[in-house]
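Tertiary structure, described
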Amino acid sequence: MANGELHGYGPLLDTFVPRAVGLDARGKGTRPGWPGGAPVIRIYGGRGTGRTAVCQALHDRYVNRLHVAKWPATDRAVPAVAPPADGAGLLASRPLAALAWLVHELNAGVPRFGRIAFPRFTCAVLAVVTLEESAPRADPDGPSPAELATFQRQRQDLEQALEDSAGEPAVRERFGALVDATVPLLRWIPVLAPLEDLVRELLRQARRGRGGQGLDAAALRWWDERPLGVPGTGIEKLLRYAQHLGFELPAPARDDLERRLAAAFFADIDAYYRAWHFFTRPLPLVVLDDTHTPTGERLFDLLLTAYAEAAGPDPGRGADVSRPVLVSTRLGAGPGGVPGRDRHPVDVTRIGTLAWESPRGRSPDAWQLWLRAPALRTADIAAALGTGCPRGLPDVTGQISAGRAGLARPLIDAARQDLRRGRDSVLRRCATEGLGRALLGLPPAGPAEEASVADVLLHYLVPERSLIEPLLPWAVALRLDDVRRLPGPGDGEEPAGDRVRAFLRAGHWDRSPWAGEAGFVPPVGDRTLRELLLHRLRAECTPARRGPDGFAYWTRLHSAAAAHYGRAADDDRDALIARLHHTLALGRREEAVAGLHQLFGTADRRSWLAAVQFVCAAPRPPDGYAEQHPEGPGYCPACPGPRPDGRHRAVAALVTRLQDLSTLSSLYTDDPDSPDNRLRQLLSGFDIAYDDQDIATVEAARLWPALLAQGRRVPELPVPAERRDH
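Overview of the structure. All figures in this text were calculated on a predicted structure; none of them were measured in a lab. (Residues numbered from 1 in each chain as written. Predicted model: local features only at pLDDT ≥ 70, side-chain atom pairs only at ≥ 80, totals over all residues. Heavy atoms only, no water.)

Overview of the packing of aromatic side chains
A full pass over the atoms with the stated rule returns 12 aromatic pairs. Aromatic side chains tryptophan 222 and tryptophan 223 sit 4.8 Å apart centroid to centroid with 85° between the ring planes, which places their arrangement in the edge-to-face category. Take tryptophan 222 and tryptophan 223: they sit in the same class, and that class is buried. Between phenylalanine 265 and phenylalanine 266, the ring centres sit 5.5 Å apart and the planes meet at 85°, which makes this aromatic pair edge-to-face. (Phe/Tyr/Trp six-rings, centres within 6.5 Å; stacked < 30°, edge-to-face > 60°. Buried < 20%, exposed > 50% of the residue type's maximum accessible area, 1.4 Å probe, protein only.)

If you want it as structure tokens, here you go:
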């Protein structure tokens, strides 16, 4: 992390990959660590965990040292392929376009190790293109009418030769002529554009012998051995298979073609390594990012299936097939698919000394090895901030970013920019407890359109900016069902929507558990996202942003939620807790304290501690809100007289302390081991003063200060499951 280096992935980059591909420290090929096939690496993590960065680092580190291919190609222009429409050609497939890009990358020359040829793959793609794919249209930016006319004429000649059963030599000759006519059209056929060099090489081979006999014989024999369901041999069989696909429904035909081309991709790689070479060659490296997307998921599924089936030139060789090393990433909070024994994640730090045996079966799941994306540690952040940073700044940076490097980097850069101002530094002049809010309010480092680093982080987590405003009421809701009762940010605007639901349903969000057993599952479960949305909401709901009525939307939101829960039955404890939560968010602290004081006498201690956390998780109202919305004189039915008693004052002090510790931007500066720890004294006081000791309070007094010091926040502090009275 320091100086921008990639955090936590060293064992993968420096140890596992060289061992898996067979590359020594001097850049020479050696025996791979897993001759029967290395594990297929699947790195998962949320947005900002460095998945894309590690893919780029793998590519940059090993390019020109061995054959390496990375998808998607973020740094080069690759022809776009739209999703296939009804009646679209067989090659109107994003996964096939991605596979063709991998072929293009692996075909690049590497010093000492040459090029990987892909004749099996290229022959099959050309067979489908020449017979089934629609030709590009003539236009000023496309092929000329003469080029298109030549292509159509050669296609008709080939189709006629197949119809007349003219024999293998005639078909080969006409196929070579059609490939020759296809070359000028390559750049306008998305799947073929990356294969231009390979197509030209195939054409050179076809011209070497009379009647096109120069086509790669080993490649055609491999296709002869495939059960394609059509008669013939060599290129004639492959062309008849392409014709046969044209009679099937597009979707299943495209699926069959994708699977066979993935097998051909692996067979070509294996054939390259079977051939004698002066140098021992390291295995190729294939890096796939974003395998959670529809295209990425399908591409990975194709490659993993072919990898597991080991479809080499000689099917009888089984595991004795040279496979590329596959490293993939997936946006997700956990391993994808159904959990099972093959989906237990491994820490990245263990990958360098991994003891793993290549499975002998064909189950794709057995080949996968899931890795958690590493989280940043406070020490890493401190090193990146440099010496002289205020005490507590690395801790609060880690809390806000949740250990995600993509979120920590803007915070670190903004902090470093501010600290360079010396005495004028906002962070240096700030009290330790206020560092988090001050950090979020800093301007971003470098040129940026956002006003604060908090906006940078929010835009990073919500790339579709039109979703941010509709998301604001969702951050206030305690249950999904609450959203429809909350007013939208604009007049007549609905706060709910299919796009927002789909965004929040994505599997990559962390979902931190709230304390207690009540049925409250906030729709915005990711703490960092929720905090940034509430930070934006607090900033928006001020007179500076919205004029004299700037606080009105905050009031409308929480008043609507509190009113809904206020209509529940008197004995509905969950509704009472939710109402007190929104009451505290409206700045009516005494009313919330009175409700918790009354609840203390009717609930068991464990439930009460969970309720206190839940209420104290309420967001603080915007700055200046309390002055314009002063709270009236309070009344507490649990107090014996008109004045607050000792327990009421203790509840009030606990509420103040815990609400201060309910945000990721808060810092807990007390010594958790000190006998004078204020929170421990508060919790213990409920037992000591009233001779009413309960194991839940004892355990909370013991655990909560230590957990708060470690970065845990309200309402995620545990409450014991058992109760014991003395």
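Some remarks on the pattern of salt bridges
Taken as a whole and assessed by the stated rule, the structure comprises 36 salt bridges. Between arginine 260 and aspartate 256 there is a salt bridge whose closest N-O contact spans 3.1 Å. Placement of the pair is arginine 260 and aspartate 256 together in helix α10 (residues 250-274), with a separation of 4 residues, close to one helical turn. For arginine 260, a relative accessible area of 19% puts it in the buried group. For aspartate 623, the salt bridge goes to arginine 437, with nearest N and O atoms at 3.1 Å. Highlighted residues: aspartate 623 in the loop between α26 (605-616) and α27 (625-628) and arginine 437 in helix α17 (residues 435-441), separated in sequence by 186 residues. A relative accessible area of 53% means that aspartate 623 is categorised as exposed. We classify arginine 437 as partly exposed; its relative accessible area is 42%. (Salt bridge = Lys/Arg side-chain N within 4 Å of Asp/Glu carboxyl O. Helix = DSSP H or I, 4+ residues; strand = E, 2+ residues; numbered from the N terminus.)

Considerations on the pairing of strand β3 (residues 285-288)
Across the two faces of β3 the burial is the same, with Leu285 and Val287 and Val286 and Leu288 all buried. As paired strands, strand β2 (residues 68-71) and β3 are joined by 4 bridges and run parallel to one another. Following the sheet pairing, lysine 70 is matched in β3 by valine 287. The pairing of β3 with strand β4 (residues 325-331) spans 4 bridges and is classified as parallel. Residue pairing for β4: leucine 288 is matched across the bridge by serine 328. (Pairing = 2+ DSSP bridges.)

Brief notes about the nonpolar core
Within the largest apolar cluster, 116 residues are counted, with the highest numbers of intra-cluster contacts made by Leu12, Phe16, Leu99, Leu102, Phe265 and Leu285. Not counting residues within four places of it along the chain, the set of residues in contact with leucine 285 comprises Val17, Leu58, Tyr62, Leu66, His67, Val68, Ala69, Leu106, Val325 and Val327. Counting 56 residues, the second largest nonpolar core, distinct from the first, contains Ala384, Ile412, Ile468 and Leu529. (Core = buried A, V, L, I, M, F, W, Y, C linked by side-chain atoms within 4.5 Å. Contact = heavy atoms within 4.5 Å.)

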